[in-house]
Amino acid sequence: MDIFPSYWQLLKDLANDEVIISIDKVRDELNHYEDEISVWVDENMPDSFFKKTNSDEVTSEYGKVVAWAHSRNDHFREAAINEFLEFDKADAWLVAYCMSTESTLVTLEVSDPKS
């Protein structure tokens, strides 16, 4: 954060302008670690940045994500599918939220059937 403060300021500005968002499940994961990033998020990101995932629309899409993940058991290891679908983890919920709002999910994650 000290090396590239303009990046963190840009994140804050984009969040305040609601150009970028995240979901409540990500906030929960961040708060679990209690590290420099979680502290920064708590101090700098507006509450509106973290959208709720408990709506009927998101839950319906989550069901589709679960079905899709299980249908890929010939491609992904069962342990990887189970990790992706852990209820308290954000990954599948991020996909479901984006599906329900027709949003674009931006991530550095890459598919790795062996993981």
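Draft legend 1. Main features of the overall build of the chain. Summing up its helical and strand segments, the chain has 6 helices and 2 strands in all. Along its sequence from the N terminus, the chain presents helices and strands in the succession α-β-α-α-β-α-α-α. Principal-axis analysis of the C-alpha atoms gives the chain an extent of 45 × 30 × 20 Å. Partitioning the contacts of the chain with sequence separation of at least 6, the portion at a separation of at least 24 is 67%. Of note, the chain has its 10 positive side-chain charges centred 4 Å away from the centre of its 25 negative side-chain charges.

Draft legend 2. Region of the structure containing a nonpolar patch on the surface. Taken together, the side chains of Ile3, Phe4 and Tyr7 make up a nonpolar region of the molecular surface, amounting to roughly 390 Å² of accessible area. Looking at the secondary structure, you find Ile3 in the segment before α1 (5–16).

Draft legend 3. Molecular detail of the packing of aromatic side chains. Counted according to the given criterion, the structure contains 8 aromatic pairs. Pairing Phe4 with Tyr7 gives two aromatic rings, centres 6.2 Å apart and planes at 15°, and the pair type is stacked. Ring centres of Trp8 and Trp40 lie 5.2 Å apart, and the angle between their planes is 65°; on these two criteria the pair is classed as edge-to-face. Pair noted here: Trp8 is in helix α1 and Trp40 is in helix α3 (residues 36–44), with a separation of 32 residues, a long-range link. Residue classification places Trp40 among the buried positions, given a relative accessible area of 13%. Directly above the aromatic system of Phe87 lies the positively charged group of Lys25, at a separation of 4.2 Å from the ring centroid.

Draft legend 4. Quick look at the packing of α1 against α3. Interaxial distance between α1 and α3 falls to 11 Å at its minimum, and their mutual angle equals 45°. One way to sum up the angle between α1 and α3 is to call them oblique. Crossing angle aside, the handedness with which α1 passes α3 is right-handed. Across the interface between the two elements, Trp8, Leu11 and Lys12 from α1 touch Ile37, Trp40 and Asn44 from α3. A class-by-class count of the residues in the contact of α1 with α3 yields 4 nonpolar, 1 polar and 1 charged.

Draft legend 5. The side chain of Ser22, seen in detail. By secondary structure assignment, the location of Ser22 is in strand β1 (residues 22–23). Those residues within four positions of Ser22 in sequence are excluded, and the remaining contacts are Phe49, Phe50 and Lys51.

Here is what the cut-offs are and how they apply
Residues numbered from 1 in each chain as written. Predicted model: local features only at pLDDT ≥ 70, side-chain atom pairs only at ≥ 80, totals over all residues. Heavy atoms only, no water. Helix = DSSP H or I, 4+ residues; strand = E, 2+ residues; numbered from the N terminus. Contact = heavy atoms within 4.5 Å. Lys, Arg positive; Asp, Glu negative; His and termini not counted. Charge placed at Lys NZ, Arg CZ, Asp CG, Glu CD. Patch = residues over 30% accessible without salt bridge, like charges linked within 9 Å, V, L, I, M, F, W, Y side chains within 5 Å. Areas by Shrake-Rupley, 256 points an atom, 1.4 Å probe, with all protein chains shown as cover. Salt bridge = Lys/Arg side-chain N within 4 Å of Asp/Glu carboxyl O. Phe/Tyr/Trp six-rings, centres within 6.5 Å; stacked < 30°, edge-to-face > 60°. Buried < 20%, exposed > 50% of the residue type's maximum accessible area, 1.4 Å probe, protein only. Lys NZ or Arg CZ within 6 Å of the ring centre and 35° of its normal. Axes fitted to C-alpha atoms, helices over the stretch in contact; angles between N-to-C directions. Parallel < 35°, antiparallel > 145°, perpendicular 65-115°, else oblique. Left-handed = near helix turned anticlockwise from the far one by under 90°. Nonpolar A, V, L, I, M, F, W, Y, C, P; charged D, E, K, R; others polar.

In short, the description is geometric, and any link to function would need to be established separately.
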